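Structural characterization, general
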Amino acid sequence: MHKLQDIQAIAFDLDGTLVDSVPGLALAAQNMLADLKLPTITNEQVKNFVGNGIDVMLERIFKAINVVPSTEQLSQAKALFNQHYDKVMDAETKLFPHVKETLKTLHENQYPLALVTNKPAQFLPALLSSLGIKEYFSLVLGGGDVIKLKPHPAPLYQVMATFGLFSDQLLFVGDSKNDITAAQNAKCPTVALTYGYNYGISIATSNPDFLFDDFKDILTLLPQPKVEAKK
């Protein structure tokens with residue numbers, strides 16, 4: 001396979017790419033609904049609601065249980081969800097196979113790594129620490145850190161500006177159409193992972209540049225150690 005010689009840094013999505021977060025998100029949502037004395041939802045439903053941030057996920061949850069919430073109820077639901085998620089997030093969030101080893105290898109081979117997620121930024125420091133991967137990231141961008149969420153390209157422009165890169169020097173790795181669309185809009189090469197969360201649709205339909213079933217296959221694309229930029 002031809003290696004991406006120009007890549008100087010890699011950015012990753014979080015939920016569905018690095019971590020299986022559905023159990024924690026579903027449990028927090030189920031506890032929130034119980035507090036509000038509303039019908040519950042399944043883990044499989046939540047899996048199809050992930051990807052556009054907490055606000056959109058809550059809207060999808062209410063739609064799934066056929067409830068039109070008031071502004072006050074939606075605000076209460078968000079506060080309750082955040083309280084519950086903060087309690088269960090660490091225990092209920094697991095790395096996908098080969099993620100930690102691959103991030104470690106990339107880090108050791110001098111690739112700056114960024115995390116670009118729509119998950120609220122408040123949850124990220126503790127979560128990354130508990131997973132044992134915080135040290136590998138030079139830049140972490142969550143919801144609230146960027147002017148627009150994915151699929152808008154703004155978060156990737158922010159990564160490129162921080163690292164001083166052209167678009168063809170940043171590889172973006174994700175699992176959903178939001179990730180691939182954001183990278184395509186930013187003119188960055190893309191890797192899509194088939195095991196993640198994409199609303200029940202094959203990620204191949206988003207036409208990523210590379211499609212892998214296993215996270216460690218990212219290493220087949222990149223020179224090790226990193227080749228310095230010639231631009």
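Let me begin by describing the structure that accompanies this report.

What counts and what doesn't
Residues numbered from 1 in each chain as written. Predicted model: local features only at pLDDT ≥ 70, side-chain atom pairs only at ≥ 80, totals over all residues. Heavy atoms only, no water. Helix = DSSP H or I, 4+ residues; strand = E, 2+ residues; numbered from the N terminus. Contact = heavy atoms within 4.5 Å. Salt bridge = Lys/Arg side-chain N within 4 Å of Asp/Glu carboxyl O. Buried < 20%, exposed > 50% of the residue type's maximum accessible area, 1.4 Å probe, protein only. Core = buried A, V, L, I, M, F, W, Y, C linked by side-chain atoms within 4.5 Å. Pairing = 2+ DSSP bridges. Axes fitted to C-alpha atoms, helices over the stretch in contact; angles between N-to-C directions. Phe/Tyr/Trp six-rings, centres within 6.5 Å; stacked < 30°, edge-to-face > 60°. Expected span 1.5 Å × (residues − 1). Bend = angle between axes of the 7 residues up to and from the residue. Parallel < 35°, antiparallel > 145°, perpendicular 65-115°, else oblique. Left-handed = near helix turned anticlockwise from the far one by under 90°. Arc of directions from axis to C-beta.

Topic: the side chain of Ser 176
Its location among the elements puts Ser 176 in the loop between strand 6 (170-174) and helix 8 (177-185). Those residues within four positions of Ser 176 in sequence are excluded, and the remaining contacts are Tyr 197, Asn 198 and Ile 203.

Concerning the pattern of salt bridges
A side chain of one charge can pair with a side chain of the opposite charge when the charged atoms of the two come close. Here the structure, examined in full by the defined rule, presents seven salt bridges. Across the pair Lys 119 and Asp 15 runs a salt bridge, and its minimum N-O distance is 3.2 Å. Placement of the pair is Lys 119 in strand 4 (residues 113-120) and Asp 15 in the loop between strand 1 (9-12) and strand 2 (19-20), with a sequence separation of 104 residues. You'll find Lys 119 and Asp 15 in the same group, each marked buried.

Observations concerning the nonpolar core
Core analysis: the biggest nonpolar cluster contains 59 residues, and Ile 10, Phe 12, Leu 18, Phe 81 and Leu 222 have the highest contact counts within it. When residues of this core are assigned to their parent elements, the largest contribution, seven residues, is made by helix 1 (residues 22-35). Counting residues in hydrophobic clusters, the runner-up holds 17 residues, among them Val 146, Met 160, Leu 165 and Ala 182.

Some words on the sheet that holds strand 4
Taking strand neighbours across the sheet as the criterion, the six strands line up as 5-4-1-6-7-8 in an open arrangement whose pairing is parallel. Of all the strands in the sheet, just strand 5 (139-143) and strand 8 (210-212) have a single pairing partner and so form its edges. Each adjacent strand pair in this sheet contributes to an overall mean axis angle of 20 degrees, direction not counted. Where strand 7 (residues 190-193) meets strand 8, three bridges bridge the pair, whose relative direction is parallel. Residue pairing across strands places Leu 193 opposite Phe 212, the latter belonging to strand 8. Relative to the sheet, helix 8 contacts strand 6 and strand 7, its axis offset from that of strand 7 by approximately 175 degrees.

Observations regarding the packing of aromatic side chains
All chains considered together, the criterion is met by five aromatic pairs. Centroid distance Phe 12 to Phe 215: 5.7 Å. Interplanar angle 35 degrees. Geometry classified as tilted. Of this pair, Phe 12 sits in strand 1 while Phe 215 is found in the segment after strand 8, placing the two residues 203 residues apart along the sequence. Of the two residues, Phe 12 and Phe 215, both sit in the buried class. Here the aromatic cluster, defined as three or more aromatic residues joined through ring pairs, consists of Phe 12, Phe 137 and Phe 215.

Let's talk about helix 4 (residues 71-92)
Note on helix geometry: an α-helix contains 3.6 residues per turn, so any two residues three or four positions apart are oriented the same way. Over its 22 residues, helix 4 extends 29 Å from the first C-alpha to the last, a length consistent with the 32 Å expected when each residue adds 1.5 Å. Along its length, helix 4 shows its largest kink, about 40 degrees, at Asp 86. For helix 4, the secondary structure elements touched by its buried residues are helix 1, helix 3 (54-64), strand 4 and helix 6 (124-131).

Concerning the packing of helix 3 against helix 4
Where helix 3 contacts helix 4, the axes come no closer than 11 Å and their chain directions differ by 115 degrees. On the basis of the axis angle, helix 3 is roughly perpendicular to helix 4. Our pair here, helix 3 against helix 4, has a crossing hand that is right-handed. Across the interface between the two elements, Ile 54, Asp 55, Met 57, Leu 58 and Phe 62 of helix 3 pack against Gln 73, Leu 74, Ala 77, Lys 78, Phe 81 and Asn 82 of helix 4.

Remarks on helix 3
Of all the residues in helix 3, the buried ones are Ile 54, Met 57, Leu 58, Ile 61 and Phe 62. Angular distribution of buried residues about the axis of helix 3 spans 135 degrees; they occupy a single face of the element. Looking at the buried positions of helix 3, the neighbouring elements they touch are helix 1, helix 2 (43-47), helix 4 and strand 4. Where helix 3 terminates, the next one or two residues include Asn 66, which has phi positive at roughly 60 degrees.

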